[in-house]
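# Tertiary structure, described
Residue-level listing of the chains:
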Amino acid sequence: MRAAAYLYALAIYGFIFLPVAVLVLFSFQGTLFPIPPFNGPSLRWYAAVLSDARLTAGLVNSILVALLSSALATGLGFLAAWGFARFHLPGSALLRGIITLPLTVSYLIIGMGLLIFFNWIGFPKSLAAAGIGHVVINLPLCFAILYSQMGENQANIERAARDLGASEAKLLLLVTAPMMWPALFAAFFLSMTFSWDEFVISFLLTRFDTTLPVEIWNMLRAGLNPKTNAVGALVFGVSVVLAIVFELIAFRKRPQ
C-alpha cells in the first residue's frame, strides 16, 4: 500500500511539474530550436531576454503593478475586514458575500466588465487600468484571509487601547496591524503572486505599456523558441521566490 501511495504521489507531482521542468530545461537550449535533443546548457537566451527592451519594460511594469495593486488590495481588504469584524452592520452577511463574489467570477468576465466601464467613463487603457483590475480580483482574497484572522482576543486588546485614549487611526496602525502582520503578509504576497503572472485582465486593459505576460503572449504569436522558454522560466522563478518568502514570513514558527 505504501508503494502504491508513493507511486500515486509521484504520478500527481509529475503531471503537475513535468511541463514546467521541460520549459526550464529547454530555456538552457543552446540552439535556435527548443526541441530534443537537448544542446546545452547555455545562458544565451537569458541574455537575449535581459537585453530585449520590450521584455525588460514589461518586467518592470509587472513588478510595479503587482506591488502597488497588492498593497492597495491588502489595505482595502484590511479596512473592510476590520469594519465587518468589529461593527454590527445591517445585512453584513450579504455584504460580505458581495465582497467575495469576484472569487467565483471568471477573470474574462471581470476584465470585459471593467473594459466596458472604463470606456463609458472615458478612462483609457493603461497600466493604471490593469492595476485597478488586479485590485478588483485580489481584494476579495485579501478580505477573506484577514477577516478569518480577526478574533475576539484582538478585539479585547483594541478595547483596552481605546480605554487608554488611543484614536481609531492609532488603534489601526499601532495595535491592530501589528497583531495582524502574518495575515497581512500572507494576503500581500498571495496578491503579488496572482498579479505577477495575470494575463487576461492585463491584456484587455493595457495598450502600449503592457505587463510581462502580455509580452510573452506577443512573442508566442510568432511561435515557440528558446527565448520564450527563458521568459517563462523567469516568471516561474519569481513566483517560486514569492512563495518561499511567503512561507518564511507567514508560517515560520515563533520562538517559544
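Above: the structure in question.
The paragraphs below set out a description of the structure included in this document. In every chain, residue numbers begin from 1 and rise along the written sequence. With the structure being a predicted model, the display of local features is reserved for residues of pLDDT at least 70 and the display and counting of side-chain atom pairs for 80 or more, all residues being used for whole-chain, interface and lining totals. As a rule here, side-chain values come from all non-hydrogen atoms in the structure, and water together with hydrogens is ignored.

### Here's the deal with the overall build of the chain
Numbering of helices and strands runs from the N terminus; a helix is a DSSP stretch of H or I covering at least four residues, while a strand is a stretch of E covering at least two. When helices and strands are tallied, the chain shows 12 helices and zero strands. The order of α-helices and β-strands along the chain, N terminus first, is α-α-α-α-α-α-α-α-α-α-α-α. On the principal axes, the C-alpha backbone points of the chain span a range of 70 × 60 × 35 Å. Relative accessibility thresholds used throughout: buried, under 20% of the residue-type maximum; exposed, over 50%; partly exposed, between the two (1.4 Å probe, protein chains only). Counting across all 256 residues of the chain, residues that qualify as buried make up 38%.

### Some thoughts on helix α5 (residues 107-121)
Spanning 15 residues, α5 covers 21 Å between terminal C-alpha atoms, matching the ideal 21 Å at 1.5 Å per step. All of the buried residues along α5 are Ile-110, Gly-111, Leu-114, Leu-115 and Phe-118. For α5, the buried positions fall inside an angular range of 135° around the axis, keeping them on one side. Residues of α5 that are exposed and point more than 90 degrees away from the buried face comprise Ile-109, Ile-116, Asn-119 and Trp-120. Helices are assigned an expected span. That span is 1.5 Å times one less than the residue count. As used here, the arc belongs to the directions running from the helix axis to the C-beta atoms.

### Observations concerning the packing of helix α3 (residues 53-86) against helix α11 (residues 212-220)
Contact geometry of α3 with α11 gives a least axis separation of 7 Å together with a crossing angle of 150°. In terms of orientation, α3 and α11 fall into the roughly antiparallel class. Within the contact between the two elements, α3 uses Arg-54, Leu-55, Gly-58, Leu-59 and Ser-62 and α11 uses Leu-212, Pro-213, Glu-215, Asn-218 and Met-219. Throughout, an axis means a line fitted to C-alpha atoms (over the contacting stretch in the case of helices), and angles, computed between N-to-C directions, take values from 0 to 180 degrees. An angle below 35 degrees is read as roughly parallel, one above 145 as roughly antiparallel, one from 65 to 115 as roughly perpendicular, and any other as oblique. Should any heavy atoms of two residues lie within 4.5 Å, those residues are counted as being in contact.

### Notes on the packing of α3 against helix α9 (residues 181-196)
Interaxial distance between α3 and α9 falls to 8 Å at its minimum, and their mutual angle equals 140°. The element α3 and its partner α9 pack so that their crossing is right-handed. Of α9, the residues touching α3 (which contributes Leu-59, Ser-62, Ile-63, Val-65, Ala-66, Leu-67, Ser-69, Ser-70, Ala-71, Thr-74 and Phe-78) are Leu-184, Ala-187, Phe-188, Ser-191, Met-192, Ser-195 and Trp-196. Each residue gets one label: Ala, Val, Leu, Ile, Met, Phe, Trp, Tyr, Cys and Pro are nonpolar, Asp, Glu, Lys and Arg are charged, and the others, such as Gly, are polar. Here the residues of the contact of α3 with α9 sort into 12 nonpolar, six polar and no charged. Each crossing is labelled by how the near helix is turned from the far one, with a counterclockwise turn of less than a right angle marking it left-handed and a clockwise turn marking it right-handed.

### With respect to the packing of aromatic side chains
Each Phe, Tyr or Trp ring, with Trp reduced to its six-membered ring, pairs with another whose centre is within 6.5 Å; inter-plane angles below 30 degrees give stacked pairs, above 60 give edge-to-face pairs, and intermediate values give tilted ones. Counting across every chain of the model gives 12 aromatic pairs. Relative to Phe-87, the ring of Trp-82 lies with its centre 5.3 Å away and its plane at 80°, an arrangement referred to as edge-to-face.

### Section: the nonpolar core
Residues Phe-78, Leu-146, Met-150, Met-180 and Leu-184 are the most contacted members of the largest nonpolar core, which totals 23 residues. Looking at this core, the elements with two or more residues in it are α3, α6 (127-148), α8 (168-179) and α9. In terms of residue count, α6 provides more of this core than any other element does, seven residues in total. Not counting residues up to four positions away in its chain, the partners in contact with Leu-146 are Thr-74, Gly-77, Phe-78, Ala-81, Met-180, Ala-183 and Leu-184. We call a set of buried Ala, Val, Leu, Ile, Met, Phe, Trp, Tyr and Cys residues a nonpolar core when their side-chain atoms join them within 4.5 Å.

### Side note on the environment of Thr-211
On the secondary structure map, Thr-211 appears in the loop between α10 (200-205) and α11. Taking the relative accessible area as the measure of exposure, Thr-211 reaches 2% and is therefore buried. When the C-alpha positions of Thr-211 and Ala-66 are compared, they lie 9.9 Å apart, and in sequence the two are 145 residues distant. When residues no more than four places from it in sequence are discounted, the contact partners of Thr-211 are Gly-58, Asn-61, Ser-62, Leu-127, Glu-198 and Ser-202.

### Concerning the side chain of Ser-195
Looking at where Ser-195 falls in the secondary structure, it is placed in helix α9. Here Ser-195 is in contact with Val-65, Ala-66, Ser-69, Ser-70, His-134 and Asn-138, once residues within four sequence places are set aside.

### Focus on the environment of Thr-100
Tracing the chain through its elements places Thr-100 in helix α4 (residues 92-100). Here the alpha-carbon distance between Thr-100 and Glu-247, two residues 147 residues apart in the chain, equals 24 Å. Not counting chain neighbours up to four residues away, the residues in contact with Thr-100 comprise Pro-140 and Phe-143. Polar contacts here mean pairs of N or O atoms no more than 3.5 Å apart (in protein, one a potential hydrogen donor and the other a potential acceptor; neighbouring residues in sequence count only if both atoms are side-chain atoms). In this structure the side chain of Thr-100 is engaged in a polar contact, spanning 3.2 Å, whose partner is the backbone oxygen of Gly-97.

These figures capture arrangement, not role.
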